[in-house]
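# Structure at a glance
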Amino acid sequence: MSTPTPVTRYVLVRRPGLSPDAFAERTGLHPDLARRLVALGLLDAHRDAGGEMWFEPSEVAHAARIQRLRTGLGLNYSAIGLVLDLLDRIEKLEAASRGRRAPHGHRQPD
């Protein structure tokens, strides 16, 4: 009786998002600046099993918001973090307020 030869199996894994280079291409940010914004907590990124950084596609909009605050208002990155936190809180409060005003089973118009 012969021993079976081992079979190599390959599994294709879809990347969880955008690589730093693809993210940079979509946002116009240098990949190093994108990494810096992650380190500052202004952008979210994930790391895969190999340690490679990946961005969710929704982070492109967040990067655009950061760029608008930086260039439009001349804010530094610390101030941008504070403004983003405040804008998120306002958005949550407005959503909660709309939810309380809407009768049960009816959706408020946007």
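Residue positions are given per chain, counted from 1 along the sequence in the order it is written. A pLDDT threshold of at least 70 governs which residues receive local features in this predicted model, and a stricter bar of 80 or more applies before side-chain atom pairs are shown or counted, although totals over entire chains, interfaces and linings include all residues. Side-chain calculation: all heavy atoms of the structure are included, whereas hydrogens and water are not.

For the chain, the name recorded in an unreviewed UniProt entry is MerR family transcriptional regulator, with Nocardia amamiensis as its organism.

### Some remarks on helix α3 (residues 59-73)
The terminal C-alpha atoms of α3, which comprises 15 residues, lie 21 Å apart, in line with the 21 Å expected from a rise of 1.5 Å per residue. Accessibility here uses a 1.4 Å probe with only protein chains present; expressed as a share of the type maximum, an area under 20% marks a residue as buried, one over 50% as exposed, and anything in between as partly exposed. Numbering of helices and strands starts at the N terminus; helices are DSSP runs of H or I of at least 4 residues and strands are runs of E of at least 2. Every buried residue of α3 is listed here: Glu59, Val60, Ala63, Ile66 and Leu69. Every residue pair with non-hydrogen atoms within 4.5 Å of one another is taken to be in contact. For α3, the secondary structure elements touched by its buried residues are α1 (20-27), α2 (31-39) and α4 (77-101). Backbone geometry just after α3 places glycine 74 at a positive phi near 70 degrees. By this rule the span expected of a helix is its residue count minus one, scaled by 1.5 Å.

### What to know about the packing of α3 against α4
What describes two packed helices is the angle between their axes and the distance between those same axes. Taken N-terminus to C-terminus, the directions of α3 and α4 make an angle of 125 degrees; their axes are 10 Å apart at the nearest point. Between α3 and α4, the interaxial angle falls into the category oblique. Where α3 crosses over α4, the handedness of that crossing is right-handed. In contact with Arg65, Ile66, Leu69 and Arg70 of α3, α4 contributes Tyr77, Ile80, Val83, Leu84, Leu87 and Asp88. Polar here means any residue outside two lists: the nonpolar Ala, Val, Leu, Ile, Met, Phe, Trp, Tyr, Cys and Pro, and the charged Asp, Glu, Lys and Arg; Gly therefore counts as polar. For the contact of α3 with α4, a count of residues per class yields 7 nonpolar, no polar and 3 charged. Axis definition: a line fitted to C-alpha atoms, over the contacting stretch in the case of helices. Angles run 0 to 180 degrees between N-to-C directions. Orientation is classified from the angle alone, with under 35 degrees giving roughly parallel, over 145 giving roughly antiparallel, 65 to 115 giving roughly perpendicular, and any other angle giving oblique. It is the rotation of the near helix from the far one that decides the hand of a crossing: anticlockwise by less than a right angle makes it left-handed, clockwise makes it right-handed.

### Let's talk about the packing of aromatic side chains
Planes of paired rings set the category: under 30 degrees apart is stacked, over 60 is edge-to-face and the rest tilted, where pairs are Phe, Tyr or Trp rings (Trp by its six-membered ring) whose centres lie within 6.5 Å. Under the definition given, this model contains 1 aromatic pair. Relative to phenylalanine 55, the ring of phenylalanine 23 has its centre 4.0 Å away and its plane inclined at 10 degrees; by these criteria the two rings are stacked. Taken together, the residues phenylalanine 23 in helix α1 and phenylalanine 55 in the loop between β2 (53-54) and α3 connect sequence positions 32 residues apart. Overall, phenylalanine 55 belongs to the buried group, its relative accessible area being 1%. Here, over-ring charges are defined by two tests on the NZ atom of lysine or the CZ atom of arginine: distance to the ring centre within 6 Å, and angle to the ring normal within 35 degrees. For the cation-ring pair, arginine 70 lies above tyrosine 77, with the distance from its terminal atom to the ring centre recorded as 4.5 Å.

### Focus on the pattern of salt bridges
A pair is scored as a salt bridge if a Lys or Arg side-chain nitrogen falls within 4 Å of a carboxyl oxygen belonging to Asp or Glu. Across all of its chains, the model carries 2 salt bridges by this definition. The partner of aspartate 32 in a salt bridge is arginine 35, and the shortest N-O contact between them spans 3.2 Å. Of this pair, aspartate 32 and arginine 35 both sit in helix α2, 3 residues apart, roughly one helical turn. Residue aspartate 32 is classed as partly exposed on the basis of its relative accessible area, which comes to 49%. Note that aspartate 88 and arginine 65 form a salt bridge whose closest N and O atoms lie 4.0 Å from each other. Note that aspartate 88 is positioned in helix α4 and arginine 65 in helix α3, a separation of 23 residues in sequence. For aspartate 88, a relative accessible area of 36% corresponds to the partly exposed category. Judged by relative accessible area, arginine 65 falls into the partly exposed class, the value being 24%.

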